[in-house]
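So you can see what is in the structure, the chains are spelled out below.
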Amino acid sequence: MILPGATLGMLGGGQLGRMFTVAARTMGYRVIVLDPDPHSPAGRIADRHINANFLDGGALHELSSVCVAITTEFENVPSDTLDILANTCFVRPSANALSMTQDRINEKTFLQNNHIPTNRFVAVTTENEIASAFKLIGSPAILKRSRLGYDGKAQWKVESVEEALDAFRKMDSAPCVLEEFLRYKCEISVVLARGVNGHIASYPTAENIHVNAILDTTIVPARVSHIISTKAQKIARKIADKLNYYGVLAVEMFAMRDGRILVNEIAPRPHNSGHYTLDACVTNQFEQQVRTLCGLEPGETRLLSPVVMINILGDDWSNATPAWEKLFDHPNVKLHLYGKSVPRPGRKMGHFNVLDKNVTKALKLAKTIQSKLKF
Ligand code: ADP
Ligand code: MG
């Protein structure tokens, strides 16, 4: 057990790293953030910010000599970085779990091997494979780069072999998966924490609405049947167990009209669809990350109130700073801003949580505020 007073390391200085830092420092831990951006959201509130590249030998030595345990806010940490750090520190989640989730081909293959339903896909590594892959999957399909995509980046909806070829080239002819394009009923996710003794604490199933492939709204409890919700929970737990996972894990899923649930992707970290836990659960997902990193039991995940989370993107700054006063008119709304200075379109700048008696009321108010924030 690693107790308060110890120093924890965070690889990555974005908003997820920042919210981890808040949770850890609240609990009395010291936090060192490694991130190459001198103005990173997490770096500026950590005890220390090592402003260097993830493969910088000196920086890694410095980090590992001070930290007892190290975790990450993103799955694309180079495996060499993790190997170096794991020589002297606890690194959770494991390099193994990270390398599986940072590559869609590996991720989908892992799901298939473990009989966990996912949508039909074909791995594509050369142009020659595109025509036959497209024939197998059918139209429309989505071509996604296997590595380094997020928020709908590095993926294209395609309706012909020519479009698929064009998309493949646009993504530098890097390895991809071609997936069937689904007409799902809704998207759901399950965030859970698995402790070092294998005990799992999972949050309620969340319903997610994406706009332009970026998460826009999360609704909890999800408006799905008890059967669907329970199925989703079982799938997420199975994934965590199969990986012998230590840490916070999120599983994104598609709920189909015929009752099937197909896994879309796995994130080895707290997740945007778990940001509602900051205000609506006994223990939030970032405290869980601290707890599981430190070998403590996961905290209780009980939902204290129905909740709707809305992302605030850089687009909301199109004319001026959003009209925050419209949000503060409502005493049941909680604002979280990440301290990013440049509001680019599509960039996640913050989010807000609306807590209400039921999700219908919460959603209505959330949507009203979302439209009022923009001038
Ligand atoms: P990212 O890493 O960018 O989150 P995802 O694979 O989760 O990549 O895709 C982002 C969003 O795009 C999904 O949440 C969903 O809304 C939409 N999407 C992705 N794959 C499919 C698919 N096969 N069929 C329909 N919509 C999809
Ligand atoms: Mg996703």
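Preceding block: the structure.
Residues numbered from 1 in each chain as written. Chains lettered and ligands numbered in written order. Predicted model: local features only at pLDDT ≥ 70, side-chain atom pairs only at ≥ 80, totals over all residues. Heavy atoms only, no water.

Attention now moves to helix α3 (residues 79–86). Looking at α3, one finds that the buried residues are T81, L82 and L85. Take α3 and look down its axis: the buried residues cluster within an arc of 95°, on one side only. (Buried < 20%, exposed > 50% of the residue type's maximum accessible area, 1.4 Å probe, protein only. Helix = DSSP H or I, 4+ residues; strand = E, 2+ residues; numbered from the N terminus. Arc of directions from axis to C-beta.)

Summarising the element assignment, T283 is placed in the loop between α9 (277–280) and α10 (285–293). Of the residues examined, T283 reaches a relative accessible area of 3% and is grouped as buried. If near-sequence neighbours (up to four positions away) are discounted, T283 is found in contact with Y203, T277, Q288, R291, G299 and E300. (Contact = heavy atoms within 4.5 Å.)

It is worth spelling out helix α6 (residues 130–137) at this point. Taken as a whole, α6 has its buried residues at I130, A133, F134 and I137. The arc that holds every buried residue of α6, seen down its axis, measures 100°, which confines them to one face. Across from the buried face of α6, at angles greater than 90 degrees, the exposed residues are K135 and L136. At its buried positions, α6 is contacted by β6 (121–124), β7 (141–145), β8 (155–158), α7 (161–170) and β9 (176–180). Just downstream of α6, G138 is the residue with a positive phi angle, here 90°.

So, on to the packing of helix α1 (residues 15–26) against α10. Contact geometry for α1 and α10: axes closest at 8 Å, N-to-C directions at 70°. It follows that α1 is roughly perpendicular to α10 by the angle criterion. Relative to α10, the crossing made by α1 is right-handed. Between α1, through L16, M19, F20, A23 and A24, and α10, the contact on the second element is made entirely by F286, E287, Q289, V290 and L293. Across the contact of α1 with α10, the residue classes tally to eight nonpolar, one polar and one charged. (Axes fitted to C-alpha atoms, helices over the stretch in contact; angles between N-to-C directions. Parallel < 35°, antiparallel > 145°, perpendicular 65-115°, else oblique. Left-handed = near helix turned anticlockwise from the far one by under 90°. Nonpolar A, V, L, I, M, F, W, Y, C, P; charged D, E, K, R; others polar.)

For a regular strand, side-chain orientation follows a simple rule: the groups alternate between the two sheet faces. Burial within β9 is extensive, with five of its five residues counted as buried. Here β9 shows two buried faces, one formed by C176, L178 and E180 and the other by V177 and E179. In the sheet, β6 pairs with β9 via four bridges, with the strands oriented antiparallel. By the bridge assignment, F121 is partnered in β9 with E179. Bridging between β7 and β9 involves five bridges; their strand directions are antiparallel. Counted as the bridge partner of I142 is E179 from β9. (Pairing = 2+ DSSP bridges.)

Reading across the sheet, the four strands line up as β6-β9-β7-β8 and stay open at both edges, with antiparallel pairing between neighbours. Single-partner strands in this sheet number two, and they are β6 and β8. The sheet shows a mean angle of 20° between the axes of neighbouring strands, direction not considered. Note that β7 and β8 share four bridges and pair antiparallel. Directly across from I142, in β8, lies its bridge partner K157. α7 rests against β6, β7, β8 and β9 of the sheet, and its axis sits at about 170° to β8.

Within the first shell, the magnesium ion (ligand 2) binds the protein through E252 (OE), E252 (OE) and E265 (OE), at distances of 2.0 to 2.7 Å. One end of the pair, E252, is in strand β14 (residues 247–255); the other, E265, is in strand β15 (residues 261–267), and 13 residues separate them in sequence. Given a relative accessible area of 13%, E252 falls into the buried group. Judged by its relative accessible area of 23%, E265 is partly exposed. (Donors = N, O, S within 2.8 Å, 3.2 Å for Na, K, Ca; no water.)

Any functional reading would require information beyond the geometric quantities listed.
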